[in-house]
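Residue strings, one per chain:
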Amino acid sequence: VVVEEMLTGPECSLLAFTDGITVRPMATSQDHKRALEGDLGPNTGGMGAYAPAPVMTPELVQTVYDTILVPVVQGLANEGITYQGCLYAGLMITAGGPKVVEFNCRFGDPETQAVLPLLDGDLAQIMYACTQGTLRRDMVHWKQGAACCVIMASKGYPASSHKGDVISGLDAVDDDIVVFHSGTKKADGLYQTNGGRVLGVTAMGEDLKAAIDKAYVNVRKISFDGQQVRSDIGAKGLRHLK
Ligand code: GLY
């Protein structure tokens with residue numbers, strides 16, 4: 001019998017760059033795991049994300065840095081493991097403070113599609129510095145504003161996925177939109193669906209509402225048969241700001 005503490009509270013992700021000594025947190029973010037609006041329906045690989053997550057105040061980020069991220073990297077170092085790269089902390093913000101739900105030794109998906117567009121620096125330089133043990137605080141800065149990534153999934157997802165539906169409108173999106181291809185292929189000169197989560201459409205804005213609005217304006221320019229899109233990506237963040 002395993003008895004575990006039941007944790008309740010909003011979830012969020014805090015990823016960090018580290019070279020094994022220096023730890024630099026990224027912008028906070030929040031994933032949307034469920035297929036349907038209101039966090040209903042089956043679990044998915046993530047239907048969208050936004051960054052930063054207002055639930056994570058600067059004080060909470062400092063707490064996670066001091067009590068979770070740095071001790072983990074130092075603890076690994078004490079055991080002879082120089083952990084270099086990206087450390088992903090999946091957190092629950094409970095009444096008793098932030099608790100770790102999971103660690104991943106990788107970037108998060110789709111959080112990264114919202115986080116990295118806010119990086120005000122050179123990702124290649126940062127990642128190289130992580131491998132060389134030369135990461136410095138001043139290499140990692142974040143832009144003002146917010147980013148929202150809306151996932152467009154194919155018919156049947158997550159139980160199944162549909163391949164071969166022609167995707168139209170990709171060339172109609174605004175110049176500053178980033179469209180991440182995750183389940184696409186190009187055949188006969190046309191982009192087609194080729195997996196469950198097909199595209200991640202990321203917009204940046206001066207604040208979260210602007211980023212959300214812009215993401216959805218551009219999502220509506222793209223279409224394919226059977227597309228599935230949650231209409232409330234980022235709404236939790238807006239509610240938190242009220
Ligand atoms: N967004 C959850 C993960 O990447 O594991």
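Residues numbered from 1 in each chain as written. Predicted model: local features only at pLDDT ≥ 70, side-chain atom pairs only at ≥ 80, totals over all residues. Heavy atoms only, no water.

This part is about the sheet that holds strand S13 (residues 190-195). Spatially, S10-S13-S12 is the arrangement adopted by the three strands of the open sheet, whose pairing is antiparallel. Both edges of this open sheet fall to strand S10 (162-166) and strand S12 (184-187), since each of them pairs with a single strand only. Each neighbouring strand pair of the sheet contributes to a mean axis angle of 30°, computed without reference to strand direction. As defined by bridge partners, S12 adjoins S13 across four bridges and the pair is classed as antiparallel. Across the sheet, residue Lys186 finds its bridge partner in S13, namely Tyr191. (Pairing = 2+ DSSP bridges. Helix = DSSP H or I, 4+ residues; strand = E, 2+ residues; numbered from the N terminus. Axes fitted to C-alpha atoms, helices over the stretch in contact; angles between N-to-C directions.)

All right, on to the pairing of strand S1 (residues 11-18) then. Every regular strand shows the same layout, with side chains that alternate between the two sheet faces. Burial within S1 is extensive, with seven of its eight residues counted as buried. Pairing geometry for S1 and strand S7 (residues 85-94), over eight bridges, is antiparallel. Its bridge partner being in S7, Ala16 is matched across the sheet by Leu87. With three bridges connecting them, S1 and strand S2 (residues 23-25) associate as antiparallel partners. By the bridge assignment, Thr18 is partnered in S2 with Val23. Linking two consecutive strands that pair antiparallel, namely S1 and S2, is a turn of four residues; a positive phi of about 100° is found at Gly20 within it. (Buried < 20%, exposed > 50% of the residue type's maximum accessible area, 1.4 Å probe, protein only.)

Let us look at the site of the ligand. What surrounds the ligand is the set Asp31, Lys33, Tyr88, Asn104, Arg106, Gly108, Asp109 and Glu111. The separation between a nitrogen atom of the ligand and a polar main-chain atom of Asp109 is 2.9 Å. In isolation the ligand offers 200 Å² of accessible surface; the protein chains occlude 90% of this area. (Near = heavy atom within 4 Å. Polar contact = N/O pair within 3.5 Å; in protein donor to acceptor, adjacent residues only side chain to side chain. Areas by Shrake-Rupley, 256 points an atom, 1.4 Å probe, with all protein chains shown as cover.)

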